[in-house]
Amino acid sequence: QVQLVESGGGLVQAGGSLRLSCAASGRTFSTTFMGWFRQAPGKERESVAAISWRGGITYYADSVKGRFTISRDNAKNMVSLQMNSLKPEDTAVYYCAAASKYSGSYSRTQEYDYWGQGTQVTVSS
């Protein structure tokens, strides 16, 4: 089992920045890659970014490319999401997720085995 705890959400004005962190514990050695997803009210959960645990391969959704940066700290078992130039449409609950194997997609929710409880990000206009 892998436990994930997100932190860093909050309220920010459009154009501002937030940094989300995800602390992983438990059987983290089994993790192949980790991702951030978000879910706005009435919408499906969507992929935001992902990073491989060892090789540093990254993936970004088109909607956040150039604004968000995902990074990892293997020594601390943490993954972060730096979010800049935030827009009201970025408002959502953000979830951290971990996958034990790569099956061809970083963006599908079905690829991930473990999920955090989520942290709210609200961007005001």
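Our structure is the block above this text.
What counts and what doesn't
- Residues numbered from 1 in each chain as written.
- Predicted model: local features only at pLDDT ≥ 70, side-chain atom pairs only at ≥ 80, totals over all residues.
- Heavy atoms only, no water.
- Salt bridge = Lys/Arg side-chain N within 4 Å of Asp/Glu carboxyl O.
- Helix = DSSP H or I, 4+ residues; strand = E, 2+ residues; numbered from the N terminus.
- Buried < 20%, exposed > 50% of the residue type's maximum accessible area, 1.4 Å probe, protein only.
- Polar contact = N/O pair within 3.5 Å; in protein donor to acceptor, adjacent residues only side chain to side chain.
- Core = buried A, V, L, I, M, F, W, Y, C linked by side-chain atoms within 4.5 Å.
- Contact = heavy atoms within 4.5 Å.
- Pairing = 2+ DSSP bridges.

Caption draft 1: Spatial organisation of the pattern of salt bridges. Under the definition given, this model contains five salt bridges. The shortest N-O distance in the salt bridge between Arg-67 and Asp-90 comes to 2.8 Å. You can see Arg-67 sitting in the loop between β6 (58–60) and β7 (68–73) and its partner Asp-90 sitting in the loop between β8 (78–83) and β9 (92–99), a full 23 residues away along the chain. Pair check on accessibility: Arg-67 and Asp-90 agree, each one buried. The salt bridge partner of Arg-108 is Glu-111, with a shortest N-O separation of 2.8 Å.

Caption draft 2: Here's a closer look at the side chain of Arg-67. Look at Arg-67 and you get buried, because its relative accessible area is 10%. Only 2.9 Å separates the side chain of Arg-67 from the backbone oxygen of Ser-63, close enough to count as a polar contact. Here the side chain of Arg-67 touches Asp-90 through a polar contact of 2.8 Å, side chain to side chain.

Caption draft 3: Local environment of unusual backbone geometry. Phi is positive for Asn-77, which is not a glycine, with a value near 55°. Mapped onto the elements, Asn-77 comes out in the loop between β7 and β8. Asn-77 gets classed as partly exposed once you look at its relative accessible area, which sits at 22%. Although it is not a glycine, Ser-85 adopts a positive phi angle of roughly 50°. Looking at the element boundaries, Ser-85 is found in the loop between β8 and β9. Taking relative accessible area as the criterion, Ser-85 reaches 40% and is therefore assigned partly exposed.

Caption draft 4: Looking closely at the nonpolar core. Formed by 29 residues in total, the largest nonpolar core has its most connected members in Met-34, Trp-36, Leu-81, Met-83 and Tyr-94. Contributing elements (two or more residues each) for this core: β1 (2–7), β3 (18–26), β4 (33–39), β5 (46–52), β7, β8, β9 and β11 (119–124). Filtering out sequence-adjacent residues up to four positions away, Leu-81 remains in contact with Leu-18, Arg-19, Leu-20, Trp-36, Val-48, Ala-49, Phe-68, Thr-69, Ile-70 and Tyr-94. In terms of nonpolar packing, the next biggest core, distinct from the first, is built from seven residues, Phe-33, Phe-37, Ala-50 and Tyr-112 among them.

Caption draft 5: Examining the pairing of β8 more closely. When β3 meets β8, the two strands line up antiparallel, connected through six bridges. From the neighbouring strand, Ser-21 faces β8, where its bridge partner is Ser-80. Across six bridges, β7 lies against β8 in antiparallel orientation. Bridged to Arg-72 within β8 is Val-79.

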